[in-house]
Amino acid sequence: MGDSLEERLGSMELESTMKDEFCTDIGPPFKENAATAEDWQKALNKVVPAVVVLRITSCRAFDTDSAGASSATGFVVDKRRGIILTNRHVVKPGPVVAEAMFLNREEVTVYPMYRDPVHDFGFFRYKPDAIQFLDYEEIPLAPEVACVGLEIRVVGNDSGEKVSILAGTLARLDRDAPHYRKDGYNDFNTFYLQAASGTKGGSSGSPVIDWQGRAVALNAGGKLSSSASAFFLPLERVVRALKFLQKGGDLYTRKWEPISIPRGTLQATFLHKGFDEIRRLGLQSETEQMVRHASAEGETGMLVVESVVPGGPAHNHLEPGDVLVRVNGEVITQFLKLETLLDDSVEQKIELQLERGGTPLSVRLLVQDLHSITPAHFLEVSGAVIHPLSYQQARNFRFQCGLVYVSEPGYMLFRAGVPRHAIIKKFAGEEITKLEDLISVLSKLSRGARVPLEYITYMYRHRRKSVLVTMDRHEWYAPPQIYTRDESSGLWTAKAAFQPVSMLPSSGVNGEATDKEHRHQDNHQELTDVATSMETSCEDASAELRSQDETENAVLRDHQEATASASIAERVMEPTLVMFEVHVPQSCLLDGVHSQHFSGTGVIIYHSSSLGLVVVDRNTVAISASDVMLSFAAYPIEIPGEVVFLHPVFNYALVAYDPLALGTVGASAVRAAELLPEPALRRGDSVYLVGLSRSLQATSRKSIVTNPSAALSIGFADCPRYRATNMELIELDTDFGRSFSGVLTDEHGRVQAIWGSFSTQVSILFKKYKRKKTKLKFGCNSSDDHQLVRGIPVYAISQVLDKIISGANGPPLLINGVKRPMPLLRILEVELYPTLLSKARSFGLSDDWIQALVKKDPVRRQVLRVKGSLAGSKAENLLEEGDMVLAVNKEPVTCFRDIENVCQALDIGDNGGNLNMTIFRQGCEIDVLVGTDMRDGNGTTRMINWCGCVVQEPHSAVRALGFLPEEGHGVYVARWCNGSPVNRYGLYSFQWIVEVNGKPTPDLDAFVNITKELEHGEFVRVRTVHLNGKPRVFTLKQDLHYWPTWELKFDPDTAIWRRRMIKTLDCCDL
């Protein structure tokens, strides 16, 4: 028995690979159907207007479902009350926004009314008066008509078609419930009908009708194979549920009185097995004879226990293989009779008579309310969705219902390594048995706190895994909220999970100066009040501190002894090396960043009692909206860092740390590396490549420089992201592979270059969007992502470091409680590349210029050519692709550093920031006055989340494509969220929003002013321009209930990313 198939769940397209068996049971004789084509046409004319296309948006991951948008089918079963029947996996167990479109293209909003906890059916409700132009009738339900051989039609939204009619014949009435996924929704404890009618995605919830226009079953799933098979849910339990709902009132109301539909359970799964197999399980012949005699004619088997959920009523009473004989003295062999009895006996005890291996036994069990183990609330914290474990997943995973279940890990748990489907067992040292326990612990933690968490998974249920969870220091997400399902409206209402104890970071690099002063004053007052009482404990405290220092010093001595045999370069560099762990929140994946997690090696370039600075490549620290953790090779400690400078062109970033967080011993163990910018490395020079292994062990290798000035050339990625340009890099004869980063030093350990990682992609810019659509929405990542490692000369780093230490001319930034001015960089926003002079001669470059350039650089013998100017820069439209740059301010230039030097010289003179460039264009030598741009090292510091899409100003990688819309280019869509309105209506990445309701949106401020006036549920007309220049106009429906408009902005006065609510359903602009 029990066909095992490779099946699909309607529009969810769920797959599972199994064997297929065949059943020879032909069921009762079938009376030949005499329906004509005219009869079918008449039935379809009546049915089709009542069938609707459902557009469903799951706003949050919950229970068995992920967030996302899909389409399905439903049909009207009560016109007066506005009730639509569809599948349970369409109604969804969690927050849903849905619309129904009727045959004449009238669209209405529908609200979840009921979803069965087990079986695959549910109901939406709509306002009947909203349908003004269509004449339709409800479709009657007739489960008693279903029989083997019945000719049927499946009417629905198959494969995205608005109306699709598939013919078939019922072949079986006793098929086992299809198994879709081991960790998702599955129906059980029911038979299914089967027919040779291959339905596909979008047909979930379609009515299965006979020639009289009656629904005899509900389409649910299909078989993914060459043979076309569909599986239909019987309607007996659907009819019962509908009758209960109809008792709630005769007419539609916006808020209806919730009706309780009694549903009972033993938390046990049964299968219907044939008598032949049951005999092998030990069934006595006398029992079989009695059952056959007491059952309906044609009965072929009995119900057998397949599984029991731990902690449920049947736990320790029923076992797999038990054969059910009687319930309350009545012979039960069918699911329908068993379920009817359970539903009528909620919170009552029933008696089950069983046979276990041929031995009769009797047990009395309490029937549990099935709704009591179906979660109707969840906690949302740092993007995670956590709720009590449902009966569905408890059955899948064999865990007890009600445990604290991670439906979606979000950011904080993802960062710690907690996967989806995890069960939280312990948090911050406290046992977690229910969701309230977790909320209680969270309410006591402050921002930046690091606490242990223990969890288990269904794959490793017997081993607890322990991880370290870091509370968000920045306001990446809204404060923790509890969402609760409101049965009267079909919505989920949110409220604060608790009142935050402290919004201040518990530890780390930055904090508000005023708050620090306030805490200092409070602490001083406390010390004054209790000075006398503390005198007696000073000696004990001092002894404890001395003991701690001695322990730390012992650890340090052991470490130094262990590294005594290392090379000179290793010993010198080890106190300066730092391992980075960088995480990027999902809520702010800005600037096309291609991953949420990065790691690499950096080197300390400045270390004092108040400030520490580490330099690292930008393939490790890609954007400023990141959480950075630093592990030091010289001392076993991990502390947070803050991104303080991102070079807009060169591949390096500066990260600050607080030396006080290292402690006295730790601060003395680490030191800054000595930078050696001059003399520049030459071909054949010996260098030491020094870095850290994953175990924080310094590793070195002596290498030879093969090319000290290799021009960097990295192509555009599919998703525009940071791309280093105009750099000359150092290549070695040997290294440690593409994943090893560190520094290049001389024999005395002086740093001559950073051995950094560069992100690249072996693909063209625009692949077919539809082929890449799924991957692009999750972070623009693909299998084409690669990285390479090269040496970055330290001269540029030392120049920026000098400006920071001596006091720059840029805007101030709070670092370790002290405001420091950060440097501004003057940049020629033009991408250049070198061309050999032999090639340049072929283009017509004169001998005089060739000789001048050879004299300037007799080794490389090259000229710089223009690859393109950044859109929106001062050089745009002045320099053209292919121009040869011969001289700047009448001085020949041959390399990228020459250009950088003349740009820096502009800060000294009074020339308006312009360069007098001599270029060679199409055979002519011309002089052009080209402007330069001032750029800071902050990166993108502001984003808006509207309707689930993340918009920002276009970053440099986008502008490097050479195109900005004329209509306005300040609102660029960087990312979008699953389950959001933009997911539902198709506002994806790589485009600018240039108009909203006909009003221009040239920048983020204008965009905010327009969108904050839009109301909840309002349809908005949006005009966009794609990266390829193609304009588009479409509409979307704003949802402020689940997707409010908010802003995330970096505050340089506090060095904290602040979240500001712009507009929600319950409040206006704040």
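Residues numbered from 1 in each chain as written. Predicted model: local features only at pLDDT ≥ 70, side-chain atom pairs only at ≥ 80, totals over all residues. Heavy atoms only, no water.

1. Describing the overall build of the protein chain
Point 1. Counting secondary structure elements, the protein chain contains 22 helices and 61 strands.
Point 2. The long-range fraction of contacts in the protein chain, counting pairs at least 24 apart against all pairs at least 6 apart in sequence, stands at 68%.
Point 3. Carbon and sulfur atoms make up 50% of the accessible area of the protein chain, which amounts to about 44400 Å² in all. (Helix = DSSP H or I, 4+ residues; strand = E, 2+ residues; numbered from the N terminus. Contact = heavy atoms within 4.5 Å. Areas by Shrake-Rupley, 256 points an atom, 1.4 Å probe, with all protein chains shown as cover.)

2. Points about the pattern of salt bridges
Oppositely charged side chains are able to pair whenever their charged atoms sit close together.
Point 1. Inspection of every chain in the model, using the stated rule, returns 52 salt bridges.
Point 2. Note that Asp-174 and Arg-172 form a salt bridge whose closest N and O atoms lie 3.4 Å from each other. Residue Asp-174 shares its accessibility class with Arg-172, and that shared class is buried.
Point 3. Linking Arg-959 and Glu-829 is a salt bridge whose minimum nitrogen-to-oxygen distance equals 3.0 Å. (Salt bridge = Lys/Arg side-chain N within 4 Å of Asp/Glu carboxyl O. Buried < 20%, exposed > 50% of the residue type's maximum accessible area, 1.4 Å probe, protein only.)

3. Brief notes about the packing of helix H3 (residues 236-246) against helix H6 (residues 335-343)
Point 1. Closest axis-to-axis distance for the H3/H6 pair is 11 Å, and the angle between their directions is 25 degrees. Taken as axis vectors, H3 and H6 run roughly parallel relative to one another. Contacts between H3 and H6 pair Glu-236, Arg-237 and Arg-240 from the former with Leu-336, Glu-339, Thr-340 and Asp-343 from the latter. (Axes fitted to C-alpha atoms, helices over the stretch in contact; angles between N-to-C directions. Parallel < 35°, antiparallel > 145°, perpendicular 65-115°, else oblique.)

4. A word on the pairing of strand S36 (residues 653-657)
Point 1. Of all 5 residues that make up S36, 5 are buried, and the element is covered over most of its length.
Point 2. Taking every second residue as pointing to the same face, both faces of S36 are buried, with Ala-653, Val-655 and Tyr-657 on one and Leu-654 and Ala-656 on the other.
Point 3. Pairing of strand S33 (residues 612-616) with S36 involves 5 bridges; the strand directions are antiparallel. Residue pairing across strands places Gly-612 opposite Tyr-657, the latter belonging to S36.
Point 4. Judged from the 4 bridges that link them, strand S35 (residues 638-646) and S36 form a sheet pairing that is antiparallel. (Pairing = 2+ DSSP bridges.)

5. Notes on the state of the cysteines
Point 1. The final tally for this structure, using the stated rule, is 0 disulfides.
Point 2. Among the cysteines around Cys-949, which has no disulfide bond, Cys-947 carries the closest sulfur, lying 6.8 Å off. (Disulfide = S-S within 2.5 Å.)

6. Let's talk about helix H1 (residues 37-47)
Point 1. Buried residues of H1: Trp-40, Ala-43, Leu-44 and Val-47, and no others. One face of H1 carries all of its buried residues, which in axial projection span an arc of 100 degrees. In H1, the exposed residues that point more than 90 degrees away from the buried face are Glu-38, Lys-42 and Asn-45.
Point 2. In this fold, the buried residues of H1 make contact with strand S2 (51-58), strand S8 (151-156), strand S9 (164-176) and strand S11 (207-209). (Arc of directions from axis to C-beta.)

7. A look at the packing of aromatic side chains
In this description, an aromatic ring pair is defined by two values, namely the gap between the centres and the angle between the planes.
Point 1. Within this structure, the stated rule accounts for 23 aromatic pairs.
Point 2. Between Phe-188 and Tyr-391, the ring centres sit 5.6 Å apart and the planes meet at 85 degrees, which makes this aromatic pair edge-to-face. One end of the pair, Phe-188, is in the loop between S9 and strand S10 (191-195); the other, Tyr-391, is in helix H7 (residues 391-397), with 203 residues separating them in the sequence.
Point 3. Overall, Phe-188 belongs to the buried group, its relative accessible area being 3%. (Phe/Tyr/Trp six-rings, centres within 6.5 Å; stacked < 30°, edge-to-face > 60°.)

8. Notes on the sheet that holds S35
Point 1. With antiparallel pairing, 6 strands are arranged side by side around a closed barrel as S31-S32-S33-S36-S35-S34. Neighbour-to-neighbour, the strand axes of the sheet open up by a mean angle of 40 degrees, direction not taken into account.
Point 2. Its contacts with the sheet place helix H16 (residues 795-806) against strand S32 (597-607), S33, S35 and S36, and it is angled at close to 60 degrees to S32.

9. So, the sheet that holds strand S7 (residues 122-125)
Point 1. Here 6 strands make up a closed barrel; going around it, the order is S2-S3-S4-S7-S6-S5 and the pairing antiparallel. On average, adjacent strands in this sheet sit at an angle of 40 degrees to one another, irrespective of strand direction.
Point 2. Looking at chain direction, strand S4 (residues 83-86) and S7 are connected through 4 bridges and run antiparallel. Bridged to Ile-84 within S7 is Phe-124.
Point 3. Against the sheet, H3 touches strand S3 (68-78), S4, strand S6 (107-115) and S7, its axis set at about 35 degrees to S7.

10. Quick look at unusual backbone geometry
Point 1. In this structure, Pro-679 follows Glu-678 across a cis peptide bond, with omega equal to -5 degrees.
Point 2. Even without being a glycine, Arg-105 presents a positive backbone phi close to 75 degrees.
Point 3. Structurally, Arg-105 can be placed in the loop between strand S5 (96-101) and S6.
Point 4. On the basis of relative accessible area, Arg-105 is assigned to the exposed category, the value being 56%.

11. Structural notes on the environment of Gly-986
Point 1. Position of Gly-986 relative to the elements: it lies in the loop between helix H21 (981-985) and strand S56 (991-996).
Point 2. A relative accessible area of 11% means that Gly-986 is categorised as buried.
Point 3. Through-space distance from the C-alpha of Gly-986 to that of Trp-976 is 9.6 Å; in sequence the pair is 10 residues apart.

12. Section: the confidence of the model for the protein chain
Point 1. When pLDDT is averaged along the protein chain, the result is 87; 86% of the residues meet or exceed 70.
Point 2. Least confident of the elements in the protein chain is helix H11 (residues 531-535), whose mean pLDDT is 35; most confident is strand S23 (residues 384-388), at 98.
Point 3. Here residues 1-32 scores under 50 on pLDDT; set against residues more than four positions off or in separate chains, the count is 93 contacts.
Point 4. Confidence drops under a pLDDT of 50 for residues 511-553, and excluding neighbours within four residues, the segment shows 17 contacts in the predicted structure. (pLDDT = per-residue confidence, 0-100.)

13. Comments concerning the side chain of Arg-88
Point 1. Examined against the element boundaries, Arg-88 turns out to sit in helix H2 (residues 88-91).
Point 2. Residue contacts for Arg-88: discarding those within four places in its chain leaves Asp-63, Thr-64, Pro-93, Arg-115, Asp-116, Pro-117, His-119, Asp-120, Phe-121, Gly-122, Tyr-185 and Gln-392.

14. Considerations on helix H22 (residues 1004-1011)
Point 1. Most of H22 is tucked away: 6 of the 8 residues are buried.
Point 2. Three or more residues of H22 are buried, namely Leu-1004, Ala-1006, Phe-1007, Val-1008, Ile-1010 and Thr-1011.

15. Things to note about the side chain of Thr-725
Point 1. On the secondary structure map, Thr-725 appears in the loop between strand S38 (698-711) and strand S39 (728-732).
Point 2. For Thr-725, a relative accessible area of 15% puts it in the buried group.
Point 3. If we ignore the near neighbours within four places in the chain, the residues touching Thr-725 are Val-649, Phe-650, Leu-712 and Glu-831.

16. Some details on the pairing of strand S41 (residues 751-761)
Point 1. The element S41 is extensively covered by neighbouring structure, given that 11 of its 11 residues are classed as buried.
Point 2. Sheet topology note: the strand S40 (residues 742-745)/S41 ladder contains 4 bridges and is antiparallel. Its bridge partner lying in S41, Gly-742 is registered against Trp-755.

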